[in-house]
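Structure at a glance
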Amino acid sequence: MRPGERIGGLVQSLSEHLVNNVEERMLEGARRDFLQNGFTKLPFLVPDRVKSSVADEIEDLVAEHGVRRGMSFKETGGTPRLMRNVRHREISEHGDVIPQVYGSTDLLGALGRVAGEPVLTCPYEPERYVITELEQSGDTHGWHWDDYSFALVWVVACPPAEHGGFVQCVPRTYWNKEDPQLHRQFIAQPIHSFELRPGDLYLMRTDTTLHRVYPLTRGRRLIINMGYASRADLHKQISHETMDGLWNGSRTDQAEQTA
Ligand SMILES: O=C(O)CCC(=O)C(=O)O
Ligand SMILES: [Fe+2]
């Protein structure tokens, strides 16, 4: 089978799964969670065959193109990013399955039913998809918001919660890049924590949900974050300091920024 046919078959099996196996009540349950917490797990959204093809591609890409980064950003109150990443550019150049799955019309339709509004491919390409591996003790994706409204995160590897790696979030919070006031956000509202397992997917309302990955003490955590836009995002002036800093520097820039 030619690669194009294999990938076409995978996207087709995702569409068939969404029509045949994902019931309205599952999407409605996810929608209630999502509106309440800015977060919902959706492991049922994608068939195992597609999950394992995406996972295999992620493993190959991180082995071949992963770059270690260590940074912090004043726009999110100086919180750390200690991780290995593969950026959009390398994923779209060397990946086959991920770019096709990302743009699947049926996947976007299902996400829109959960979000309660249209979920659109991100107009700013570097934020469409990024692979993140946490691999050392202390590695974390520290507290932040994202520039665009939605993230669909696919979990390939994750240690048990005893070793960190779970997601924490504070919904209904707003990002003032000049003065993010993280401590005030934590005082004003509770922090919700969610354990993840390999094979999980989750959808987060990332522009109004402050979130982080709890620092790892052992094991390995590997995900791909697929970023999507709302209609409103298309009309906003969005500056991209944190994501540009994280994902867009050249290898030399990154080496200089690495702690
Ligand atoms: O690793 C995760 O679960 C979250 C990733 C994330 O927040 C991001 O890439 O912006
Ligand atoms: Fe994020």
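Quick caveat: nothing in here was measured; it's all calculated off a predicted structure.

Parameters at a glance
- Residues numbered from 1 in each chain as written.
- Chains lettered and ligands numbered in written order.
- Predicted model: local features only at pLDDT ≥ 70, side-chain atom pairs only at ≥ 80, totals over all residues.
- Heavy atoms only, no water.
- Helix = DSSP H or I, 4+ residues; strand = E, 2+ residues; numbered from the N terminus.
- Donors = N, O, S within 2.8 Å, 3.2 Å for Na, K, Ca; no water.
- Buried < 20%, exposed > 50% of the residue type's maximum accessible area, 1.4 Å probe, protein only.
- Near = heavy atom within 4 Å.
- Polar contact = N/O pair within 3.5 Å; in protein donor to acceptor, adjacent residues only side chain to side chain.
- Pairing = 2+ DSSP bridges.
- Contact = heavy atoms within 4.5 Å.
- Core = buried A, V, L, I, M, F, W, Y, C linked by side-chain atoms within 4.5 Å.
- Salt bridge = Lys/Arg side-chain N within 4 Å of Asp/Glu carboxyl O.

Brief notes about unusual backbone geometry
Despite not being glycine, Arg172 shows a phi value in the positive range, around 55°. Inspection of the secondary structure puts Arg172 in the loop between β8 (167-171) and α7 (182-188).

As for the coordination of the iron ion (ligand 2)
Taken together, His144 (NE2), Asp146 (OD) and His211 (NE2) make up the full set of protein donors to the iron ion (ligand 2), lying 2.1 to 2.3 Å away. Along the chain, the residues donating to the iron ion (ligand 2) are arranged with the sequence spacing H-x1-D-x64-H. One end of the pair, His144, is in strand β6 (residues 140-144); the other, His211, is in strand β11 (residues 209-213), and 67 residues separate them in sequence. For the residue pair His144 and His211, the accessibility class agrees, reading buried in each case.

Observations concerning the site of ligand 1
Around ligand 1, the neighbouring residues are His141, His144, Asp146, Val153, Val167, Tyr202, His211, Val213, Arg221, Ile223 and Asn225. One of the side-chain N or O atoms of His144 is found 3.1 Å from an oxygen atom in ligand 1. Between an oxygen atom of ligand 1 and a side-chain N or O atom of Arg221, the distance comes to 2.7 Å. Contributing elements (two or more residues each) for the shell around ligand 1: β6, β11 and β12 (221-229). Element by element, the count of residues in the shell around ligand 1 is highest for β12, at three residues.

Here's the deal with helix α6 (residues 105-115)
Three or more residues of α6 are buried, namely Leu107, Leu108, Ala110, Leu111, Gly112, Val114 and Ala115. Positive backbone phi, at 80°, marks Gly116, one or two positions downstream of α6.

Focus on the pairing of β12
Counted residue by residue, β12 has eight buried out of nine residues, so it is predominantly covered. In this structure, strand β4 (residues 120-121) lies alongside β12, joined through two bridges in antiparallel fashion. In the strand pairing of β12, Leu120 is matched with Ala229. Here strand β5 (residues 129-134) pairs with β12 via six bridges, running antiparallel. By the bridge assignment for β12, Glu133 is matched with Leu222. In this structure, strand β7 (residues 150-157) lies alongside β12, joined through seven bridges in antiparallel fashion. Note on β12: the bridge partner recorded for Ala151 is Gly227.

Let's talk about the side chain of Ser149
Considering the arrangement of structural elements, one finds Ser149 in the loop between β6 and β7. At 3.0 Å, the side chain of Ser149 and the side chain of Ser230 are in polar contact. With residues up to four places along the chain from it excluded, the contact list for Ser149 reads Met204, Arg205, Thr206, Asp207, Tyr228, Ser230 and Asp233.

Section: the nonpolar core
Core analysis: the biggest nonpolar cluster contains 49 residues, and Leu152, Trp154 and Tyr228 have the highest contact counts within it. Excluding residues that lie within four positions of it along the chain, Trp154 makes contacts with Val46, Val50, Lys51, Val54, Val101, Asp200, Leu201, Leu222, Ile223, Ile224 and Met226. Core analysis: the second largest hydrophobic core is formed by twelve residues, Val155, Leu196, Tyr202 and Ile223 among them.

Quick word on the pattern of salt bridges
For the structure on display, the rule yields 17 salt bridges. Residue Glu24 is joined to Arg113 by a salt bridge in which the shortest nitrogen-to-oxygen separation is 3.0 Å. In this pair, Glu24 is assigned in helix α2 (residues 24-37) and Arg113 in helix α6, connecting sequence segments 89 residues apart. Accessibility expressed as a relative area gives 41% for Arg113, which makes it partly exposed. The shortest N-O distance in the salt bridge between Glu135 and Arg68 comes to 2.9 Å. Highlighted residues: Glu135 in the loop between β5 and β6 and Arg68 in strand β2 (residues 67-73), separated in sequence by 67 residues.

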